[in-house]
Amino acid sequence: MRDSTRHALERAAELTRNNRLGEAMATAEPVILAADEYESAEIRQWLNDHADDFTREV
């Protein structure tokens, strides 16, 4: 996965934890939509592995 993709996902997780879901979606959606099939698989795995990043308390 590209560093820019990982950074966007990490930022989206941070925004979600801070109750800023709209901004989180605006951050993550473009990189998710631009991903090819291989990166999409890596994104899915990252999201599965990091689900707690989106829900844990700040």
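Please refer to the structure higher up on the page.
The residue numbering used here restarts from 1 in each chain and proceeds along that chain's sequence as written. In keeping with the predicted nature of the model, local features appear solely for residues at pLDDT of at least 70, side-chain atom pairs appear and are counted solely at 80 or more, and the whole-chain, interface and lining totals rest on all residues. Where side-chain values are given, they derive from all heavy atoms of the structure, hydrogens and water being excluded.

## Quick notes on the packing of helix H1 (residues 3-17) against helix H2 (residues 21-34)
Thinking step 1. Orientation is described by axes fitted as lines to C-alpha atoms, over the contacting stretch for helices, and by angles from 0 to 180 degrees between their N-to-C directions. Helix numbering and strand numbering both begin at the N terminus, where a helix is a DSSP run of H or I of at least 4 residues and a strand a DSSP run of E of at least 2. Running from amino to carboxyl end, H1 crosses H2 at an angle of 165°, the nearest separation of the two axes being 8 Å. Looking at the two axes, H1 sits roughly antiparallel to H2. The hand of the H1/H2 crossing is left-handed. The residues of H2 that touch H1, namely those facing Thr5, Ala8, Leu9, Arg11, Ala12, Leu15 and Thr16, are Leu21, Glu23, Ala24, Thr27, Ala28, Val31 and Ile32.
Thinking step 2. In this classification, the charged set is Asp, Glu, Lys and Arg, the nonpolar set is Ala, Val, Leu, Ile, Met, Phe, Trp, Tyr, Cys and Pro, and all remaining amino acids, among them Gly, are polar. When grouped by side-chain class, the residues that make up the contact of H1 with H2 number nine nonpolar, three polar and two charged. These descriptions rest on fixed angle ranges, namely under 35 degrees for roughly parallel, over 145 for roughly antiparallel, 65 to 115 for roughly perpendicular, and the rest for oblique. Crossing handedness is defined as follows: a turn of the near helix away from the far one that is anticlockwise and smaller than a right angle gives a left-handed crossing, while the clockwise case is right-handed. When checking whether two residues touch, look at their non-hydrogen atoms; a contact exists if any pair is within 4.5 Å.

## Quick word on the packing of aromatic side chains
Thinking step 1. Any two rings among Phe, Tyr and Trp, with Trp reduced to its six-membered ring, count as a pair given centres within 6.5 Å; such a pair is stacked if its planes are under 30 degrees apart, edge-to-face if over 60, and tilted if neither. Under the counting rule described, the total for this entry stands at one aromatic pair.
Thinking step 2. Ring centres 6.3 Å apart and planes at 85° place the aromatic pair Trp46 and Phe54 in the edge-to-face group.

## Here we look at the pattern of salt bridges
Thinking step 1. One speaks of a salt bridge when a side-chain nitrogen belonging to Lys or Arg is within 4 Å of a carboxyl oxygen belonging to Asp or Glu. Per the stated rule, a full pass over the model turns up five salt bridges.
Thinking step 2. Taking the shortest distance from any N to any O, the salt bridge between Arg11 and Glu14 comes out at 3.1 Å. With Arg11 and Glu14 both in helix H1 and three residues apart, this pair spans about one turn of that helix.

## Side note on the nonpolar core
Thinking step 1. Within this scheme, the nonpolar core is defined by two criteria: the residues are buried Ala, Val, Leu, Ile, Met, Phe, Trp, Tyr or Cys, and they are joined through side-chain atoms within 4.5 Å. Each residue's exposure class comes from its accessible area (1.4 Å probe, protein chains only) as a fraction of the maximum for that residue type: buried when under 20%, exposed when over 50%, partly exposed otherwise. Leu9, Ala12, Leu15, Ala24, Ala28, Ala35, Ile43 and Trp46 form the largest nonpolar core, which has eight residues in total.
Thinking step 2. Here the element with the most residues in this core is H1; it accounts for three residues.
Thinking step 3. For Leu15, the residues in contact, after removing those within four places along its chain, are Arg20, Glu23, Ala24 and Thr27.

## Quick word on helix H3 (residues 37-49)
Thinking step 1. Here a helix's expected span is defined as the number of its residues, less one, multiplied by 1.5 Å. For H3, built from 13 residues, the straight-helix expectation of 18 Å at 1.5 Å per residue is met to within 8% by its first-to-last C-alpha distance of 18 Å.
Thinking step 2. All buried positions along H3 are accounted for by Glu39, Ser40, Ile43 and Trp46. Buried residues in H3, looked at end-on, bunch into an arc of 120°, giving them a common side. Residues Glu37, Tyr38, Arg44, Asn48 and Asp49 are exposed on H3 and point more than 90 degrees away from its buried face.
Thinking step 3. The secondary structure elements touched by the buried residues of H3 are H1, H2 and helix H4 (51-55). Read the arc as the range of directions from the helix axis to the C-beta atoms.

Bear in mind that shape data such as this cannot, by itself, settle questions of function.
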